[in-house]
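Reading the structure
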Amino acid sequence: MKEAAEKKQVYNPYLPTYEYVPDGEPHVFGDRVYIYGSHDRFDGEMFCLNDYICYSADVKDLTEWKYEGVIFRKDQDPRNQNPSEDNSIPRIYDVKSRFGNGLNPPGIHALWAPDVVKGPDGRYYLYYCLDFLPEIGVAVCDTPAGSYEYLGLVRHKDGTVLGKGEDDLSQFDPGIFIDDDGEIYLYSGNAPMHKEHIGGKQGSQVMTLEPDMLTLKTEPRLLLPSIADSEGTGFEGHEFFEASSIRKIGNTYYFVYSSVLSHELCYAVSDKPDRDYKYGGTLIDIGDVGLNGRTAAEALNCLGNTHGGMEYINGQWYVFYHRQSNRTQFSRQGCAEKIEIADDGSIRQVPVTSCGLNDGPLEGKGTYPACICCRLTGKDGAVFSGQKEMQLHFPYLTQDVPDKEPAAEKEMSGDTLPVQYVANIKDGTMTGYKSFAFYNLQKITLKLRGKAKGTIAVFTEDLTKPAGTLNVDIAADTWQDITGMVSVSNGPHDLYFRYEGEGALDFITFTLHADNQ
């Protein structure tokens, strides 16, 4: 599908539409950028059920992402090698899988959000947590995307495993950073989202490591304020929740994290890596909440957690994050946006887009997956991405086939249609895309299925003035094309489709026909 338009392009989500790699930490090593994330199982009933995989791209060509394969398996960690049915893993939401295989076997812990750094010895070190277990595991490899081998658990100088000590806080979402002077900083922790959950062994933490990459050089200390102690700090309303990620730009340290709102990534800044951070602002919100005063009740996409990091790639800064799909919190997909760092070091919140990593707007011609939408709302807007919250009242992103194991993913690359599509389009549904560079656009073809009768109005930025209308009257469980004429001025524009009528539709692709094709 990504070759449908004439020139090489990339859009959100930037990986194949069947891939579910959230929590993406981007790192440039040499002339390639690597994405290290957790790995959701599509239609799973819990976070991060699959093994770690890696994708990479040439820093000069972000349109081609190479599947590097599995880099670390959950059964490589000794804590997963003698599972017990008595070792139950907590469930978070009441979710039921359509295809089965929605959970790992009893006692098998999931690989949650990781991070990777090139160590002082030139090898690559992967830091991770096994779901609710309180320790940090470490694996090592000679190359950025090879087969990592289990190294051990981060430990105190006396050999006590971090997280097991009497005064230790639980470890969570580790972030790893080596400063210019060679000091190795490890960030970790999570914190309550709500005041009624205050208490327990939680908090944003920072510590340093010895060159062995396992032993603590300095003990953990609290870093960012949580909802328990944020009054008067400037973090109010955007306190630390989870997802520690650190970058250094010039002499300033940027700490990226997921706030108590969960659906936004924020940043804090300091002139020191391990203290004195000041709240900076929101980088991205998956529902564009906060942008131009938008509230959560006005979100442009279903909400849920997000996690990611910043990276400088070939002269441009980007923020990587993830979105929700499939009416759960457990089928998340990686996305990315360009960000700009102002002369004073501040970063303005950017909107969610369809073009993401692309070099400018997408071409205003050719065929595109419907699932690259950056707005997906029903008549009543958008809500939390959950089966209970959404029921079948809201549109959502999904696929018709079960999750594919990594070894089988390449078999899907030749499919003529994207795997993912927009489901359950009902009266009042708005599907939006940012943005396209149009030139002589004449008509649009939508590929739909379902049982519905009504109209689909086409808009650009002005949602009061349709650029065209497509009549819908279908009753089919196979994909059908409907085409309509449109009038869109030349230049960059957003694109929106709004259905009004009876029944429900699925939407898999749209084709933009220009008279210069």
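Residues numbered from 1 in each chain as written. Predicted model: local features only at pLDDT ≥ 70, side-chain atom pairs only at ≥ 80, totals over all residues. Heavy atoms only, no water.

Bringing the sheet that holds strand β18 (residues 316-323) into the picture now. Strand order in the open sheet formed by three strands is β17-β18-β19, and the pairing between neighbours is antiparallel. Edge positions in the sheet fall to β17 (309-313) and β19 (333-339), since each has one partner strand and no second. Across the sheet, the mean angle from the axis of one strand to that of its neighbour is 35 degrees, orientation sign disregarded. Here five bridges tie β17 to β18, and the two strands are oriented antiparallel to one another. Within the sheet, the bridge partner assigned to Tyr-312 lies in β18 and is Trp-317. (Pairing = 2+ DSSP bridges. Helix = DSSP H or I, 4+ residues; strand = E, 2+ residues; numbered from the N terminus. Axes fitted to C-alpha atoms, helices over the stretch in contact; angles between N-to-C directions.)

Before going further, it helps to examine the pairing of strand β2 (residues 32-36). The buried fraction of β2 amounts to four of the five residues, a majority that puts the element mostly inside the structure. Where strand β1 (residues 25-29) meets β2, five bridges bridge the pair, whose relative direction is antiparallel. Bridged to His-27 within β2 is Tyr-34. Connecting β1 to the next strand, β2, in antiparallel fashion are two residues, including Gly-30 with a positive phi near 70 degrees. Two strands pair when backbone bridges link them, and β2 and strand β3 (residues 52-58) are joined in this way by five bridges, in the antiparallel orientation. Directly across from Tyr-34, in β3, lies its bridge partner Ser-56. (Buried < 20%, exposed > 50% of the residue type's maximum accessible area, 1.4 Å probe, protein only.)

Where two aromatic rings form a pair, the distance of their centres and the angle of their planes describe that pair. Under the criterion given, the structure shown has 41 aromatic pairs. Taking the centre distance of 5.1 Å and the plane angle of 70 degrees together, the rings of Tyr-368 and Phe-436 count as edge-to-face. Taken as a pair, Tyr-368 in strand β21 (residues 366-369) and Phe-436 in strand β25 (residues 430-438) lie far apart in primary sequence, 68 residues in all. Tyr-368 sits in the buried class, given a relative accessible area of 1%. (Phe/Tyr/Trp six-rings, centres within 6.5 Å; stacked < 30°, edge-to-face > 60°.)

Our next topic: the side chain of Thr-63. Looking at the element boundaries, Thr-63 is found in strand β4 (residues 61-72). Engagement of the side chain of Thr-63 in a polar contact is seen with the side chain of Asp-61, the distance being 2.5 Å. The contacts of Thr-63, once residues within four sequence positions are left out, are Lys-8, Gln-9 and Val-10. (Polar contact = N/O pair within 3.5 Å; in protein donor to acceptor, adjacent residues only side chain to side chain. Contact = heavy atoms within 4.5 Å.)

Here we take up the sheet that holds β2. On the basis of which strands lie adjacent, the open sheet formed by four strands has the order β1-β2-β3-β4 and antiparallel pairing. Each having just a single partner strand, β1 and β4 make up the two edges of the open sheet. For this sheet, the mean angle separating the axes of adjacent strands, direction not counted, is 25 degrees.

Turning to its location among the elements, Gly-280 is positioned in strand β16 (residues 278-285). In this structure, the C-alpha to C-alpha distance between Gly-280 and Val-138, residues 142 residues apart in sequence, is 31 Å. When sequence neighbours within four positions are dropped, the list of residues in contact with Gly-280 reads Tyr-267 and Ala-268.

With that settled, the discussion passes to the nonpolar core. Within the largest apolar cluster, 36 residues are counted, with the highest numbers of intra-cluster contacts made by Tyr-433, Leu-446, Ile-456, Leu-495, Phe-497, Phe-507 and Phe-510. Of all the elements in the fold, those that place two or more residues in this core are β24 (420-425), β25, β26 (441-459), β27 (468-485) and β28 (491-514). Setting aside its immediate chain neighbours within four residues, Ile-456 contacts Leu-446, Leu-448, Gly-468, Thr-469, Leu-470, Val-472, Ile-482, Phe-497, Arg-498, Tyr-499 and Leu-505. (Core = buried A, V, L, I, M, F, W, Y, C linked by side-chain atoms within 4.5 Å.)

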